[in-house]
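Examining the three-dimensional arrangement
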2 protein chains.
Amino acid sequence: MKRAIVTGCAGFVGSHVTQKLLQLGYHVTGIDNFRSGKSEFLRDFLNHENFLFKKLDLNSCKNLEDYFADAEIVYHLAANADVRGGVEDTYVDLQFNVLMTHRILECMRKQGVKRLCFASTAAALGEPKIFPTPEDISVPTQTSIYGASKMSCEHFISSYSNCFEIEAYAFRFVSLLGPRYPHGHVIDFVKRLHENPRKLKILGDGSAKKSYLHIDDCVKALVLVCEELRPALQKRIKFDVYNLGYDGYIRVRDSAKLIAREMHLDPEFEFEKQIRGWKGDNPFVHLSIEKIKNLGWEPKFNIQDSIKSTVNWLLAEPWMFKK
Amino acid sequence: MKRAIVTGCAGFVGSHVTQKLLQLGYHVTGIDNFRSGKSEFLRDFLNHENFLFKKLDLNSCKNLEDYFADAEIVYHLAANADVRGGVEDTYVDLQFNVLMTHRILECMRKQGVKRLCFASTAAALGEPKIFPTPEDISVPTQTSIYGASKMSCEHFISSYSNCFEIEAYAFRFVSLLGPRYPHGHVIDFVKRLHENPRKLKILGDGSAKKSYLHIDDCVKALVLVCEELRPALQKRIKFDVYNLGYDGYIRVRDSAKLIAREMHLDPEFEFEKQIRGWKGDNPFVHLSIEKIKNLGWEPKFNIQDSIKSTVNWLLAEPWMFKK
């Protein structure tokens with residue numbers, strides 16, 4: 001019996017990863033406190049015979065390490081994933097990213113769990129000067145507290161990897177799209193267009209260039225590296241980082257037009273003057289995905305299809321706007 | 001009246017920086033909890049009319065931000081500086097480095113303090129592949145929890161710098177030597193030779209190459225960047241990083257011989273088999289110091305002189321071995 005822990009199992013990425021691991025024959029213990037996760041995202045597998053759900057808080061729960069006994073791998077996907085909020089609540093990224101990840105690492109160390117998959121972010125690269133941006137760019141100057149916290153997690157993970165022989169893979173995601181997409185510009189735009197179909201207010205001047213990846217392509221990559229190829233990879237490495245994105249980008253204004261068209265609307269767009277939508281917003285995201293492509297991975301969904309499928313999923317799940 | 005805050009003012013670096021700032025005409029509020037700082041290090045300036053000492057704990061003290069009102073600059077030098085201990089106590093670097101630095105940043109934000117000097121470390125670069133190692137190497141794979149924690153501090157600082165307009169300078173030190181040197185291989189070797197002048201046990205095989213900088217040269221660099229040149233520098237940058245080291249290195253075994261000779265001893269050396277002295281020990285430290293040299297800084301003390309002056313200071317301060 002193979003056992004996996006998925007933190008944030010009721011979240012966007014966590015719920016898809018859990019489903020995939022159950023398909024692969026894992027017994028999965030999923031942990032979530034519904035801070036940003038949603039019970040609806042558990043529906044499709046809550047009653048799976050190999051799934052055990054634990055509603056608990058990773059920061060405060062006592063004896064957390066008990067749940068980690070005999071696990072083969074931890075998919076640590078619980079996080080604060082809201083980049084914008086860090087300026088208002090300057091503790092949230094420290095608490096839900098750095099402290100929580102340190103606690104997960106401690107649980108792994110104490111229970112001898114030797115494999116970790118970690119969700120990092122393109123935002124941890126600040127505002128890079130090289131595009132498409134490779135994994136091995138210079139130590140970045142951080143532009144958001146969120147990015148700082150995620151890169152700090154990477155550092156603690158690599159140090160634990162070296163000090164305690166943990167095999168760890170970090171993935172720097174661009175923004176993800178697809179079913180169970182919970183927050184970001186697509187849901188914001190769809191929501192605003194529901195409220196007023198004739199006018200759409202956009203943060204920033206619409207010229208920012210962003211890259212997006214479909215959740216299915218993302219999960220495929222995590223499983224490829226952490227499950228399928230790892231017996232070959234781990235002989236060489238204890239810690240490794242992969243960019244995960246689509247080899248291209250779209251301007252915010254074009255994304256807005258696409259979303260409106262998919263909703264059969266023709267609103268007037270209202271832009272701001274500055275390029276950045278908020279403090280710490282990165283006006284150009286385009287990651288190099290050569291490293292993971294060299295392992296045989298290739299995204300199936302282009303950015304336009306990812307956006308359209310997200311809009312259509314949201315339109316079919318009206319409860320998403322009531323929360 | 002110019003006011004500065006020095007955290008860790010009873011520590012090795014903090015006590016020298018405090019003295020220098022008092023010389024420069026600053027009113028200095030020095031904070032220390034004597035966790036690793038020593039009251040003896042305050043002797044030379046405790047009664048200076050512009051010095052105010054506060055014995056308090058930066059992690060737990062209430063209303064910490066009250067002390068930060070009206071400060072021009074914070075020299076944040078309080079830290080856990082023991083690289084080796086992180087494997088035994090895996091929380092100490094998180095607590096005394098990351099959480100404490102975040103708290104200092106919060107105090108600065110709340111009180112509108114706009115300038116920060118931060119003590120980072122060469123250890124935050126893991127085991128680099130380029131020598132001498134420049135500031136802008138690739139995002140490092142961390143080898144020690146200490147290094148991970150200090151690089152995390154750099155990230156939080158640069159994100160605060162961007163989000164809250166704080167001018168911040170981080171300095172990545174090699175190991176420092178000179179008066180008030182409190183821990184590291186020189187004091188270890190002198191102590192062991194006091195106990196047994198005929199045999200010296202050395203961690204590692206003695207072939208590791210390390211770089212050292214004299215504390216006087218270090219303080220000179222901090223003041224040059226953060227006080228003297230900054231009116232010119234700050235027009236261009238909000239956050240910047242400088243390596244601080246000596247352009248050269250010495251093997252551990254040669255350092256041991258030099259220390260013994262300075263003590264007029266001729267011990268037998270006992271080495272271990274592996275090159276690293278402990279988990280996370282970096283077998284080769286040699287930083288490029290071109291960036292700060294281009295600002296006009298130059299170290300006065302070479303590595304041999306730094307080691308000798310440290311041995312002689314320790315021999316003249318026997319109380320250092322009783323603590």
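Per chain, the residues get numbers from 1 upward, laid out in the order the sequence is written. Think of it this way: whatever chain is written first is A, whatever ligand is written first is 1, and the rest follow in order. For a predicted model such as this one, the threshold for reporting local features is a pLDDT of at least 70, and the threshold for listing and counting side-chain atom pairs is 80 or more; totals across whole chains, interfaces and linings nevertheless cover every residue.

**Focus on the interface of chain B and chain A**
Contact residues are listed per partner, giving 28 residues for chain B and 28 residues for chain A. In this classification, the charged set is Asp, Glu, Lys and Arg, the nonpolar set is Ala, Val, Leu, Ile, Met, Phe, Trp, Tyr, Cys and Pro, and all remaining amino acids, among them Gly, are polar. Here the residues of the side of chain B that touches chain A are counted per class, giving eleven nonpolar, 14 polar and three charged. Here the contact rule is simple: place C-beta atoms from the backbone, and any two residues whose C-beta atoms are within 7 Å are in contact.

**Section: helix H2 (residues 92-111) of chain A**
Secondary structure counts use DSSP, requiring at least four H or I residues in a row for a helix and at least two E residues in a row for a strand, with both numbered from the N terminus. Expected helix span is computed as 1.5 Å times (number of residues minus one). Helix length check: H2 of chain A (20 residues) gives 27 Å between terminal C-alpha atoms against 28 Å at 1.5 Å per residue, within 8%. Just beyond H2 of chain A, the residue with positive phi is Gly112 of chain A, at close to 70 degrees.

**Quick notes on the relation of the copies chain B and chain A**
When the copies are superposed, the least-squares fit draws on C-alpha atoms of residues that have pLDDT of at least 70 in both. For these two chains of identical sequence, chain B goes onto chain A by a turn of 180 degrees and a shift of 0.0 Å along the axis, with RMSD 0.0 Å. Such a combination of turn and shift is consistent with a two-fold rotation axis. Here 100% of the contact residues of chain B are again contact residues in chain A; the copies associate through an equivalent surface.

**Let's talk about the sheet that holds strand E5 (residues 115-121) of chain A**
Residue and element names in this part refer to chain A. Two strands are counted as paired when DSSP detects at least two bridges linking them. Spatial strand order, E3-E2-E1-E4-E5-E6-E11: seven strands in an open sheet with parallel pairing. Strands with a single pairing partner mark the edges of an open sheet, and in this sheet they are strand E3 (51-55) and strand E11 (239-244). Ignoring strand direction, the axes of neighbouring strands in this sheet form an average angle of 15 degrees. Pairing geometry for strand E1 (residues 3-7) and strand E2 (residues 27-32), over five bridges, is parallel. Across the sheet, residue Ala4 finds its bridge partner in E2, namely Val28. To get an axis, a line is fitted to the C-alpha atoms, and for a helix only the part in contact is used. The angle between two axes follows their N-to-C directions and goes from 0 to 180 degrees. On top of the sheet, helix H3 (residues 145-164) reaches E5, strand E6 (167-173) and E11; it is set at about 160 degrees to E5, its chief contact. Here helix H5 (residues 215-228) sits on the sheet in contact with strand E4 (73-76), E5, E6 and E11, set at roughly 160 degrees to E6.

**Some thoughts on the domain arrangement of chain A**
Residues and elements named next belong to chain A. What counts as a domain boundary in this text is fixed by an automatic or database domain assignment. Looking at chain A, the domain boundaries give domain 1 (3-175 + 215-244) and domain 2 (177-210 + 247-321). Each of domain 1 and domain 2 has a C-alpha centre, and the two are 24 Å apart. Domain 1 puts 36 residues into the contact, and the matching count from domain 2 is 28 residues. When contributions to the side of domain 1 that touches domain 2 are tallied by element, the ones reaching two or more residues are helix H1 (12-23), H5 and E11. Top element by residues in the side of domain 1 that touches domain 2 is H5. It accounts for seven residues. For the side of domain 1 that touches domain 2, the residue count by class is 17 nonpolar, nine polar and ten charged.

**Here's the deal with the pairing of E2 of chain A**
Residues and elements named next belong to chain A. Burial within E2 is extensive, with five of its six residues counted as buried. At this point the chain moves from E1, through H1, to the parallel E2, and the crossover so formed is right-handed. Where E2 and E3 come together, five bridges link them in parallel fashion. Bridging from a neighbouring strand, Thr29 pairs with Leu52 of E3. Exposure classes come from backbone-placed C-beta atoms, where a residue is buried if 20 or more other C-beta atoms lie within 10 Å of its own, exposed if 12 or fewer do, and partly exposed in between. With its strands directed away from the observer, a crossover is right-handed exactly when the path from the first strand over the helix to the second travels clockwise.

**Concerning the sheet that holds strand E5 (residues 115-121) of chain B**
All names here are of chain B. Judged by pairing direction, the sheet is parallel, and its seven strands sit side by side in the order E3-E2-E1-E4-E5-E6-E11 without closing on themselves. The open sheet is flanked by strand E3 (51-55) and strand E11 (239-244), the only strands paired with a single partner. Direction aside, neighbouring strands of the sheet carry axes that sit 15 degrees apart on average. In this fold helix H1 (residues 12-23) packs onto strand E1 (3-7), strand E2 (27-32), E3, strand E4 (73-76) and E5, with an angle of close to 170 degrees to the strand it touches most, E1.

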